[in-house]
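Spelled out, the chains give:
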Amino acid sequence: MPGFYRQHSSAIAWSVAVHAVVAAALALGVDLPSRPPKPAGQLAIQAVVVDTAAVEKEQRRLDEEKRRLDEQKRAEQERKAAEEAKRKAQEEAALKQRQEAERKAKEEADRKAKEAADQAAKVEAERKAREQAELKAAEEAKRKAAEEAKRKAEEEAKRKAEAEAERKRVAEEARKRKEQEAAAAQQRELEAELQREAAEEQERLAARRSGLQDQYIRMIQTQIEQNWIRPPSARSGIDCVVNVAQIPSGEVVNVTVGQCNGDDAVRRSIEAAVLKASPLPLPPVPALFERNLIIHFVPDE
């Protein structure tokens, strides 16, 4: 009721003041002055006498009104206090609710973060496990590849070794066969050479018996003596052994004087005569040819 008091505060104060003055006048026995009579033509106003009972009654009414107003004010204050308390309680409840919501939201966020972290950890663990498995698989594949390469290398080495052994065996057989063939050919050539030498020896014997060899040696001696220039120091009766090496064409390839009764000038002159006589006469019978001849150089006979 605050609005009521504010609207009627002046009237209430005036009424209380009037009642208080009247009550005091009555208590003191003071006669209130009566108003002078109105002039004719004016309305007469009857004076109202206020008695104590009426004032007390009014006072009681005012006190009751004041009490009622105080109660209303107190009720209003209590209501406001209750509303304030309710508002604060609501605010506190809202705060608690908000804090609870924030707590739950935080817990939910923490839970989701933990789930995300767990999921990330799980994914990372799976990735590492997968990488480990891939690495292990790669190492296993590498090991198997190395073993396979080693096996193939060993097989290749074995194959090459077997091929090399086979090649060597074939080569050895071929070598032995060639050696056998060469030995057989050599044997055949040797036999042919022996037969040829035997035939030549028989031919030489026949030629010697017929005097052809002596004739051949005399031809060589004669050609050497014809090319000999007698040195001043040569005495009569020279007899020297001359070793002559020739080829089938009669060309002289080497000449040395062996036992000789002449001096160095005689030796040199004989060697020069042999070289000058080259090529030497060929034998009348090929079997009489000899690479190494021993000629007795006796120019004075």
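All values derive from a computational prediction rather than experimental measurement.

1. What to know about the overall build of the protein
Next up, step 1: The helix and strand tally for the protein stands at four helices and three strands.
Next up, step 2: Within the protein, the proportion of its 301 residues that are buried is 17%.
Next up, step 3: Summarising the internal contacts of the protein: among those between residues at least 6 apart in sequence, 72% fall at separations of at least 24.
Next up, step 4: Accessible surface, the protein: about 22700 Å² in total, of which carbon and sulfur atoms supply 56%.

2. Considerations on helix H4 (residues 264-277)
Next up, step 1: Taking 1.5 Å per residue, 14 residues should reach 20 Å; H4 reaches 20 Å between its end C-alpha atoms and fits that length.
Next up, step 2: Within H4, the full set of buried residues consists of Val266, Ser269, Ile270, Ala273, Val274 and Ala277. Across the axial projection of H4, the buried residues extend over an arc of 140 degrees, all falling on one side. The exposed residues of H4 that point more than 90 degrees off its buried face are Asp264, Arg268 and Lys276.
Next up, step 3: Its side-chain oxygen placed 3.3 Å from the backbone nitrogen of alanine 265, aspartate 263 serves as the N-cap of H4.

3. Notes on the pattern of salt bridges
Next up, step 1: In this structure the tally under the stated criterion is 26 salt bridges.
Next up, step 2: Between glutamate 108 and arginine 111 there is a salt bridge whose closest N-O contact spans 2.1 Å. Taken together, the positions of glutamate 108 and arginine 111, both in helix H2 (residues 52-210) and three residues apart, correspond to about one turn of that helix.
Next up, step 3: The partly exposed category is assigned to glutamate 108, whose relative accessible area is 31%.
Next up, step 4: In this structure arginine 111 comes out as partly exposed when scored by relative accessible area, which is 37%.
Next up, step 5: Glutamate 124 is paired through a salt bridge with arginine 127; the nearest N and O atoms lie 2.2 Å apart. Placement of both glutamate 124 and arginine 127 in helix H2 is noted, with a separation of three residues, approximately one turn of the helix.
Next up, step 6: For arginine 127, a relative accessible area of 28% gives the class partly exposed.

4. Remarks on the packing of aromatic side chains
Next up, step 1: For the coordinates displayed, the defined rule picks out one aromatic pair.
Next up, step 2: Centre to centre, the rings of tryptophan 228 and phenylalanine 297 are 5.3 Å apart; their planes meet at 75 degrees, and the pair counts as edge-to-face. Of this pair, tryptophan 228 sits in the loop between helix H3 (212-226) and strand E1 (240-246) while phenylalanine 297 sits in strand E3 (residues 292-297), placing them 69 residues apart in sequence.

5. Concerning unusual backbone geometry
Residues other than glycine predominantly adopt negative phi, and peptide bonds predominantly adopt the trans conformation.
Next up, step 1: Going from serine 278 to proline 279, the amide bond is cis rather than trans, its omega being 0 degrees.
Next up, step 2: Along the chain, the position of proline 279 falls in the loop between H4 and E3.

6. Side note on the sheet that holds E1
Two orientations exist for strands paired in a sheet by backbone hydrogen bonds: parallel and antiparallel.
Next up, step 1: Taken in spatial order, the three strands make up an open sheet running E2-E1-E3, and their pairing is antiparallel. Of all strands in the sheet, those with a lone pairing partner are strand E2 (252-260) and E3, marking the two edges. Sheet twist, expressed as the mean angle between neighbouring strand axes with direction ignored, is 20 degrees.
Next up, step 2: The sheet strands contacting H4 are E1, E2 and E3, and the helix crosses E2 at an angle near 150 degrees.

What counts and how
- Along each chain, residues carry numbers from 1 onward, in the same order as the chain's sequence is written.
- Reporting of local features is limited, given that this is a predicted model, to residues whose pLDDT is at least 70; pairs of side-chain atoms are given and counted only at 80 or more, and all residues count toward the totals for whole chains, interfaces and linings.
- Calculation of side-chain values draws on the structure's entire complement of heavy atoms; hydrogens and water are dropped beforehand.
- To qualify as a helix, a DSSP run of H or I must reach at least 4 residues; to qualify as a strand, a run of E must reach at least 2; elements of each kind are numbered from the N terminus.
- In this scheme, a residue with accessible area under 20% of its type's maximum is buried, one over 50% is exposed, and one in between is partly exposed, where area comes from a 1.4 Å probe on protein chains only.
- Working rule for contacts: check all heavy atoms of both residues, and any pair within 4.5 Å makes them a contact.
- Every accessible area reported is derived by Shrake-Rupley at a probe size of 1.4 Å, with residue values counting cover from the shown protein chains alone.
- Expected span, for any helix, means 1.5 Å times one less than how many residues it has.
- Our arc is simply the arc of the directions from the helix axis toward the C-beta atoms.
- We call two N or O atoms a polar contact when they sit within 3.5 Å, provided that within protein one can donate a hydrogen and the other can accept it, with sequence-adjacent residues counted only if both atoms are side-chain atoms.
- The term salt bridge refers to a pairing of a side-chain nitrogen on Lys or Arg with a carboxyl oxygen on Asp or Glu at a separation within 4 Å.
- Only Phe, Tyr and Trp rings are paired, with Trp represented by its six-membered ring, and only when their centres lie within 6.5 Å; those with planes under 30 degrees apart are stacked, over 60 edge-to-face, the remainder tilted.
- Any two strands with at least two DSSP-identified bridges between them are counted as paired.
- For helices, the fitted axis covers only the stretch in contact; all axes are lines through C-alpha atoms, and the angles between them, taken along N-to-C directions, range from 0 to 180 degrees.

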